[in-house]
Amino acid sequence: MSRSTPRNILFVMFDQLRFDYLSCAGHPFLETPHIDALAARGVRFSRAYVQSPICGASRMSFYTGRYVQSHGAAWNNYPLKAGEMTLGDHLRARGMDAVLIGKTHMKVDDAGLDRLGISRAGIIGARIAECGFDARVRDDGLWAEGADGPYDAKPSPYNAYLREKGYDGCNPWHDHANSAIRGDGGTGDVETGWLMRNARKPANIREEDSETPWLTEQAIAFLEERRAARTAVPWLCHLSYIKPHWPYIVPPPYHALYGVDDVVAAVRAEAERVDPNPVHAAFMQSHASRGFARDEVRNAVIPAYMGLIKQCDDQIGRLMSYLEDSGRLKDTIVVLTSDHGDYLGDHWLGEKDLFHDPSVKVPMVVYDPSPEADVTRGTTCDALVEAIDLAATFVDVAGGDVPGHILEGRSLRPFLHGEVPTDWRDFAVSEYDYSCTPMAEALGLAPGDARLFMVVDRRWKLIHAEGSLPPMLFDLENDPDELVDLGRDPGHSGMVRDMRDKLGNWARRESQRTTVSDAQILARRAGAGGRTGVLIGAYDEDDVTAQDLEPYTGRITRTMQKTSDER
């Protein structure tokens with residue numbers, strides 16, 4: 001295959017895909033040959049951390065290139081402020097389109113749009129509402145409906161697709177794609193995917209109509225249109241899959257590919273439940289954690305989770321075949337990652353939310369077709385990488401300088417080209433605002449105190465909790481599974497202090513001055529454009545130059561104003 005300078009970017013994100021549930025990452029039973037093949041063509045980053053271990057906040061960091069503390073959308077359905085620059089804004093300024101197919105979990109800042117008088121019907125309002133993307137298909141994948149109404153009130157394009165395909169019911173997303181049917185086939189009672197006991201049953205849908213193939217089809221249709229149009233405008237296509245996020249249920253044949261014998265043992269120890277850190281204890285009492293603490297739940301869910309991943313991998317194979325057959329692989333960077341992981345019972349926890357590796361560390365594979373990347377093909381990089389680095393990388397690919405006063409990540413291109421920056425970060429940071437969760441209520445915390453911060457370096461990981469709660473500390477060199485919490489051990493108080501110092505250094509960064517670049521500041525400091533006639537502190541001609549005084553010198557006629565008596 002001939003290679004050329006990349007023009008396009010295919011940015012693939014899975015939802016809730018663990019870093020270690022890939023065969024290229026060492027899973028003993030799950031085979032993911034197509035993702036492995038992509039890794040063999042590019043670089044797999046083995047220590048990639050998201051900026052928050054929950055969908056909405058994590059994705060807003062991916063899309064803004066900024067930490068959660070900077071952009072403020074700290075939890076699911078917290079609006080991203082109107083006016084916050086996004087990936088689409090940066091790329092369009094450099095002549096590249098930014099298109100969305102799938103999920104963003106973006107909550108529009110309706111109040112901000114109203115305050116600014118921006119119509120959602122116009123292109124500007126539409127882009128702000130879609131996290132900066134031109135949305136070809138926006139589907140966040142959670143079309144649940146409860147007693148209080150729907151979780152997501154937007155129209156569901158996937159439900160519309162299923163109705164066109166002949167699937168009945170008011171919510172075919174649930175009744176077909178995420179449920180099974182009790183009995184031997186035909187009409188029967190719905191076995192909902194919301195109950196994890198049903199995870200091993202086949203979803204009531206043809207495999208080709210399920211969510212993952214549907215989104216692949218949408219992406220290929222976009223790529224075909226671009227090929228037919230022969231447009232010279234390069235593009236970023238964000239293909240954001242909904243799975244393997246719960247509900248944990250998968251269509252045949254994937255439901256039957258894995259069984260109890262393929263479930264790896266949970267990474268947990270009884271000692272974790274003996275005098276645990278109060279934050280860990282509160283999260284262990286969540287509904288999901290109590291469920292995943294039971295082996296019967298893990299044995300039902302994990303085979304389905306693996307089946308969902310296997311289906312995802314097959315769709316990556318389909319997509320890569322299209323790119324290769326169409327000639328697009330030679331000029332398209334392909335990035336594959338996830339917004340967070342899934343505990344699956346590790347550390348006696350379910351879901352995500354905390355900062356053990358199964359939750360906060362994600363897979364990240366980058367394929368660069370340029371000849372400069374030939375030296376790194378098939379390699380693994382263990383540099384400390386953050387999710388926000390991808391936005392900086394994409395802007396770098398699009399051309400021009402990366403605006404470091406806005407984007408807080410750093411471009412990964414040096415690593416792709418075999419170069420190791422001497423000043424690369426020596427720690428990574430993630431944040432979690434859990435103020436609206438039952439765990440914050442259980443701990444009796446005010447909203448401002450229900451915040452967690454993770455700082456991780458080459459050996460240590462610290463979890464700092466606001467609200468005067470004790471820290472958690474793990475020695476990743478001697479305890480890579482993070483089973484022994486040293487945070488309250490007096491013998492490690494010095495290390496807790498050192499890691500908190502790193503967090504403090506990070507917190508003191510300049511993050512809100514986004515309208516003036518460092519280059520502009522240095523130009524002002526050097527006096528560029530500074531001769532504006534303002535002469536502060538000058539006493540006489542010796543304090544200024546003749547040029548400074550020139551606008552203020554010369555002869556002028558005295559104007560005498562009459563006094564009131566004269567008038």
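Read on for a plain summary of the structure.

Here is what the cut-offs are and how they apply
- Residues numbered from 1 in each chain as written.
- Predicted model: local features only at pLDDT ≥ 70, side-chain atom pairs only at ≥ 80, totals over all residues.
- Heavy atoms only, no water.
- Helix = DSSP H or I, 4+ residues; strand = E, 2+ residues; numbered from the N terminus.
- Rg over C-alpha atoms; globule rule 2.2 N^0.38 Å.
- Buried < 20%, exposed > 50% of the residue type's maximum accessible area, 1.4 Å probe, protein only.
- Contact = heavy atoms within 4.5 Å.
- Lys, Arg positive; Asp, Glu negative; His and termini not counted.
- Charge placed at Lys NZ, Arg CZ, Asp CG, Glu CD.
- Axes fitted to C-alpha atoms, helices over the stretch in contact; angles between N-to-C directions.
- Parallel < 35°, antiparallel > 145°, perpendicular 65-115°, else oblique.
- Pairing = 2+ DSSP bridges.
- Polar contact = N/O pair within 3.5 Å; in protein donor to acceptor, adjacent residues only side chain to side chain.
- Phe/Tyr/Trp six-rings, centres within 6.5 Å; stacked < 30°, edge-to-face > 60°.
- Salt bridge = Lys/Arg side-chain N within 4 Å of Asp/Glu carboxyl O.
- Core = buried A, V, L, I, M, F, W, Y, C linked by side-chain atoms within 4.5 Å.
- Arc of directions from axis to C-beta.

### Structural notes on the overall build of the chain
Consideration 1: A count of helices and strands for the chain gives 19 helices and 19 strands.
Consideration 2: Computed over the C-alpha atoms, the radius of gyration of the chain is 27 Å, within 12% of the 24 Å expected from 2.2 N^0.38 for a compact globule of 567 residues.
Consideration 3: Taken along the three principal axes of its C-alpha coordinates, the chain extends 110 × 65 × 60 Å.
Consideration 4: Counting across all 567 residues of the chain, residues that qualify as buried make up 54%.
Consideration 5: In the chain, the proportion of contacts linking residues at least 24 apart, taken out of those at least 6 apart, comes to 72%.
Consideration 6: Across the chain, the centroid of the 63 positively charged side chains sits 3 Å from that of the 85 negatively charged ones.

### Concerning the packing of helix α1 (residues 33–41) against helix α12 (residues 295–326)
Consideration 1: With their axes 7 Å apart at the nearest point, α1 and α12 run at an angle of 50 degrees to one another. Classified by the angle between their axes, α1 and α12 sit oblique to one another. Touching Pro33, His34, Ile35, Leu38 and Arg41 of α1 are Lys310, Asp313, Asp314, Ile316, Gly317, Met320 and Glu324, all from α12.

### Looking at the sheet that holds strand β19 (residues 472–475)
Picture the strands of a sheet paired through backbone hydrogen bonds; they go either parallel or antiparallel.
Consideration 1: Here 4 strands make up an open sheet; going across it, the order is β16-β17-β18-β19 and the pairing antiparallel. Both edges of this open sheet fall to β16 (428–433) and β19, since each of them pairs with a single strand only. Averaged over all pairs of adjacent strands, the angle between strand axes in this sheet comes to 10 degrees, irrespective of strand direction.
Consideration 2: In this structure, strand β17 (residues 451–456) lies alongside strand β18 (residues 460–465), joined through 5 bridges in antiparallel fashion. Paired with Met454 across the bridge in β18 is Ile463.
Consideration 3: Sheet strands touched by helix α17 (residues 493–507): β16, β17, β18 and β19. Its angle to β18, the strand with the most contacts, is close to 70 degrees.

### Quick notes on the environment of Asp168
Consideration 1: Its place among the elements puts Asp168 in the loop between α7 (157–164) and α8 (172–177).
Consideration 2: With a relative accessible area of 53%, Asp168 lands in the exposed category.
Consideration 3: A C-alpha to C-alpha distance of 53 Å links Asp168 and Trp460, two positions 292 residues apart in sequence.
Consideration 4: In terms of polar contacts, Asp168 uses its side chain to reach the side chain of His176, at 2.9 Å.

### Things to note about the packing of aromatic side chains
Consideration 1: Per the stated rule, a full pass over the model turns up 20 aromatic pairs.
Consideration 2: Relative to Trp214, the ring of Tyr161 has its centre 5.9 Å away and its plane inclined at 35 degrees; by these criteria the two rings are tilted. Here Tyr161 is found in helix α7, whereas its partner Trp214 is found in helix α9 (residues 211–229), with 53 residues between them in sequence.
Consideration 3: Judged by its relative accessible area of 16%, Tyr161 falls in the buried class.

### Details of the pairing of strand β10 (residues 235–240)
Regular strands place side chains that alternate from one sheet face to the opposite one.
Consideration 1: With 6 of its 6 residues buried, β10 lies for the most part within the structure.
Consideration 2: A two-sided burial pattern is seen for β10, the buried positions comprising Trp235, Cys237 and Leu239 on one face and Leu236, His238 and Ser240 on the other.
Consideration 3: Summarising the sheet, strand β1 (residues 8–14) and β10 pair through 5 bridges and their orientation is parallel. The partner of Ile9 across the bridge, within β10, is Leu236.

### Topic: the pattern of salt bridges
Consideration 1: In the structure shown here, the tally under the stated rule is 47 salt bridges.
Consideration 2: Put simply, Arg127 and Asp134 hold a salt bridge, and the shortest N to O gap is 2.7 Å.
Consideration 3: By relative accessible area, which is 23% here, Arg127 ends up partly exposed.
Consideration 4: Salt bridges sharing common partners tie together Glu130, Arg138, Asp140, Asp152 and Lys154.

### Things to note about the nonpolar core
Consideration 1: Formed by 72 residues in total, the largest nonpolar core has its most connected members in Phe11, Phe45, Leu236, Phe394 and Tyr434.
Consideration 2: Of the residues forming this core, the biggest block, 5 residues, is contributed by helix α14 (residues 389–398).
Consideration 3: Leaving out residues up to four positions away in the same chain, Phe11 has contacts with Phe62, Tyr63, Leu236, Cys237, His238, Leu239, Val335, Thr337, Leu390 and Phe394.
Consideration 4: Counting residues in hydrophobic clusters, the runner-up holds 60 residues, among them Trp235, Ile242, Tyr248 and Met306.

### Re α1
Consideration 1: Within α1, burial applies to Ile35, Leu38 and Ala39. Burial along α1 is one-sided: seen end-on, the buried residues are contained in an arc of 100 degrees.
Consideration 2: Summarising the contacts, the buried residues of α1 are in contact with β2 (43–45), α12, β11 (332–338) and β13 (364–367).

### A few points about α14
Consideration 1: Within α14, 8 of the 10 residues are buried, leaving the element largely enclosed by the surrounding structure.
Consideration 2: Those residues of α14 not exposed but buried are Asp389, Leu390, Ala391, Ala392, Thr393, Phe394, Val395 and Val397.
Consideration 3: Gly399 sits one or two residues past α14 and shows a positive phi near 110 degrees.

### Concerning the sheet that holds β2
Consideration 1: Strands sit in the order β5-β4-β10-β1-β11-β13-β2-β14 across an open sheet of 8 strands; the sheet is mixed. Each of the sheet's edge strands pairs with one partner strand only, and the pair in question is β5 (134–138) and β14 (379–381). Pairs of neighbouring strands in the sheet enclose a mean axial angle of 15 degrees, with direction left out of account.
Consideration 2: Where strand β4 (residues 97–102) lies against β5, 4 bridges are found, and the strand directions are parallel.

### Some words on unusual backbone geometry
Leaving glycine aside, a negative phi is the common case for residues, and trans is the common case for peptide bonds.
Consideration 1: Omega for the bond connecting Trp246 with Pro247 falls within 30 degrees of zero, at 0 degrees, which places this linkage in the cis form.
Consideration 2: Here Pro247 is to be found in the loop between β10 and α10 (278–284).
Consideration 3: The omega angle of the peptide bond from Pro252 to Pro253 is 5 degrees, so this bond is cis rather than trans.
Consideration 4: Take Pro253: it is sitting in the loop between β10 and α10.
Consideration 5: Positive phi values are uncommon outside glycine, yet His347 reaches one of about 60 degrees.
Consideration 6: By the element assignment, His347 lies in the loop between β11 and α13 (357–360).

### Observations regarding the side chain of Asn8
Consideration 1: Secondary-structure assignment places Asn8 in strand β1.
Consideration 2: The buried category is assigned to Asn8, whose relative accessible area is 1%.
Consideration 3: Once residues lying within four places of it in the same chain are set aside, the contact partners of Asn8 are Pro234, Trp235, Arg328, Asp331, Thr332 and Ile333.

### Let's talk about the environment of Ala98
Consideration 1: Residue placement: Ala98 occurs in strand β4.
Consideration 2: For the pair Ala98 and Asp389, spaced 291 residues apart in sequence, the C-alpha to C-alpha distance is 17 Å.
Consideration 3: Filtering out sequence-adjacent residues up to four positions away, Ala98 remains in contact with Gly88, Leu91, Arg92, Phe133, Asp134 and Leu236.

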